[in-house]
Amino acid sequence: MTQATAPHGPLGEPATIHRASGPTRRAAIQRTAASVAALSASSQAQLLPTTPAPSPLTALSKTNPMSHLLTTRLIVNGQAHELHADSRTTLLDALREHLDLKGSKKGCDHGQCGACTVLVDGRRINACLSLAVMHDGQAITTIEGLSSPAASATKAPTTLHALQAAFLKHDGFQCGYCTPGQICSAAGMLAEVKQGMPSHVSSSLNTPLPLLTDEEIRERMSGNICRCSAYPNIVAAIRDVAQQPGVAS
Ligand code: FES
Ligand code: FES
């Protein structure tokens, strides 16, 4: 160890600074930095090939620009369709833009509003969150086919589904934008109740058929937002249909 004397210590007396007699701290830091830089350069050289390889997508589109198109078979409202579309097409866009079924609405496109609700093999889903190719061969029911799928396919006049009639009777809408999703969701929900599926507010998990109280209806329909706040009338319409013989509990 060597000693050096500073001009002023903390109390005015000459301060003593102890320095290591070996390599200085500065030299050690410089050596460490140099080693890290060398290591980083060598690992980058290993990771990066000299000529970057094209991504699989780029390679495909160069050989066949249409390679992202897929064929999907959908049975929509009882009618078979063959869809040739980008594999990333959502079910909602397939229905609205490819099959011209504009009844299902695009509200948020993020699975938050329920305006796009349709039935797939009888179960309600948000069509904006699902790719069309995932439903190859499945049966899709939209608001256009809810009352009578066959009639919807032939564009013949139809009688209303019980839920559609009840929404009219109870004034269950104002602007109507959320209504197709509300009605499809309610149809799926009533089927779930009939199958004995409990909800978050069900008082018992052992009841074969949950009692469809207003609280149950609100909870089970909570995925469908109505910006016009027509909720009391929506609940009344669904309750009306649920009380019809054979529909739910
Ligand atoms: S548009 Fe699908 S949930 Fe809102
Ligand atoms: S009736 Fe307008 S958003 Fe529901």
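Residues numbered from 1 in each chain as written. Chains lettered and ligands numbered in written order. Predicted model: local features only at pLDDT ≥ 70, side-chain atom pairs only at ≥ 80, totals over all residues.

Things to note about the overall build of the protein chain
Condition: A run of DSSP states H or I qualifies as a helix once it reaches four residues; a run of E qualifies as a strand once it reaches two. Both are numbered from the N-terminal end. Burial in this document is a count-based property: other C-beta atoms within 10 Å of a residue's C-beta are tallied, and the residue is buried at 20 or more, exposed at 12 or fewer, or partly exposed in between, with C-beta positions derived from the backbone. Here, residues touch in the contact sense if the C-beta positions derived from the backbone fall within 7 Å of one another.
When helices and strands are counted, the protein chain shows eight helices and seven strands. In the protein chain, which comprises 249 residues, the proportion classed as buried is 29%. Pairs at least 24 residues apart make up 53% of the contacts formed inside the protein chain by residues separated by at least 6 positions.

Details of the sheet that holds strand 5 (residues 117–120)
Formally: Strands are labelled as partners when DSSP assigns at least two bridges between them. With axes taken as lines fitted to C-alpha atoms, and helix axes fitted only over the stretch in contact, angles between N-to-C directions fall between 0 and 180 degrees.
Spatial strand order, 4-3-7-5-6: five strands in an open sheet with mixed pairing. A single partner strand is all that each edge strand has here, and the edge strands are strand 4 (79–86) and strand 6 (123–126). Pairs of neighbouring strands in the sheet enclose a mean axial angle of 40°, with direction left out of account. As judged from the two bridges shared by strand 3 (residues 69–76) and strand 7 (residues 139–141), these two strands associate in the parallel manner. Bridge pairing in strand 7 links Val76 to Ile140. In the packing of helix 6 (residues 179–194) onto the sheet, the strands contacted are strand 5 and strand 6, and the crossing angle to strand 5 comes to about 40°.

A few points about unusual backbone geometry
With phi around 60°, Asp100 is a residue other than glycine that occupies positive phi space. Relative to the elements of secondary structure, Asp100 occurs in the loop between helix 3 (91–98) and strand 5. By C-beta crowding, Asp100 is classed as exposed, having 7 other C-beta atoms within 10 Å. Positive phi, close to 55°, is recorded for Ser229, a residue that is not glycine. Turning to its location among the elements, Ser229 is positioned in the loop between helix 7 (214–220) and helix 8 (231–242).

Observations concerning the nonpolar core
Defined as follows: Residues enter a nonpolar core if they are buried, belong to Ala, Val, Leu, Ile, Met, Phe, Trp, Tyr or Cys, and are joined to the set through C-beta atoms within 7 Å. Residue ranges for the domains trace back to a domain assignment, done automatically or taken from a database.
Counting residues in hydrophobic clusters, the biggest one holds 43 residues, and the most contacted among them are Ala127, Leu163, Ile183, Ala186, Ala187 and Val241. For this core, the secondary structure elements donating two or more residues are strand 3, helix 3, strand 5, helix 5 (162–169), helix 6 and helix 8. The element best represented in this core is helix 6, accounting for seven residues. For this core, the domains that each give at least three residues are domain 1 (69–154) and domain 2 (162–242).

A word on helix 5
Among the residues of helix 5, those classed as buried are Ala162, Leu163, Gln164, Ala166 and Phe167. Those residues of helix 5 that are buried are in contact with helix 6 and helix 8. Positive backbone phi, at 55°, marks Asp171, one or two positions downstream of helix 5.

Details of helix 8
So the rule is basically this: Helix span, as expected, comes to 1.5 Å for every residue beyond the first.
Spanning 12 residues, helix 8 covers 16 Å between terminal C-alpha atoms, matching the ideal 16 Å at 1.5 Å per step. In this structure, the buried residues of helix 8 make contact with helix 5, helix 6 and helix 7.

Points about the confidence of the model for the protein chain
Put simply, the test is: Values of pLDDT, the confidence the predictor places in each residue, fall between 0 and 100.
Confidence along the protein chain averages 82 in pLDDT terms, with 69% of residues attaining 70 or more. Every residue in residues 55–61 is under pLDDT 50, and counting partners more than four places away or in other chains gives three contacts.

A few points about the environment of Thr213
Along the chain, the position of Thr213 falls in the loop between helix 6 and helix 7. Assessed through the 15 C-beta atoms surrounding it within 10 Å, Thr213 is described here as partly exposed. C-alpha separation for the pair Thr213 and Val235, spaced 22 residues apart in sequence, amounts to 9.7 Å.

A look at the environment of Thr72
For Thr72, the position within the fold is in strand 3. Those residues in contact with Thr72, other than ones at most four positions away along the chain, are Leu83, Ala85, Ala132, Val133 and Asp136.

Structural notes on the packing of helix 5 against helix 8
If you want to describe how two helices pack, look at the angle between their axes and the distance between the axes. Under the convention used in this document: The scheme is simple: roughly parallel for angles under 35 degrees, roughly antiparallel for over 145, roughly perpendicular for 65 to 115, oblique for anything else. Rotating anticlockwise by less than a right angle from the far helix to the near helix defines a left-handed crossing, while the corresponding clockwise rotation defines a right-handed one. Gly is put with the polar residues, along with every residue not named as nonpolar or charged; the nonpolar set is Ala, Val, Leu, Ile, Met, Phe, Trp, Tyr, Cys and Pro, and the charged set is Asp, Glu, Lys and Arg.
Running from amino to carboxyl end, helix 5 crosses helix 8 at an angle of 135°, the nearest separation of the two axes being 8 Å. Relative to helix 8, the element helix 5 is oriented oblique. Remark: the crossing between helix 5 and helix 8 carries right-handed chirality. Contacts between helix 5 and helix 8 involve Ala162, Leu163, Ala166, Phe167 and Lys169 on the former and, on the latter, Ala237, Asp240 and Val241. Of the residues in the contact of helix 5 with helix 8, the class split is six nonpolar, no polar and two charged.

Focus: the packing of helix 5 against helix 6
Contact geometry for helix 5 and helix 6: axes closest at 10 Å, N-to-C directions at 130°. Considering the angle they form, helix 5 stands oblique to helix 6. Two packed elements cross with a definite hand, and for helix 5 against helix 6 that hand is right-handed. Where helix 5 abuts helix 6, its residues Leu163, Gln164 and Phe167 lie against Thr179, Ile183, Ala186 and Ala187. Among the residues making up the contact of helix 5 with helix 6, the classes are represented as five nonpolar, two polar and no charged.

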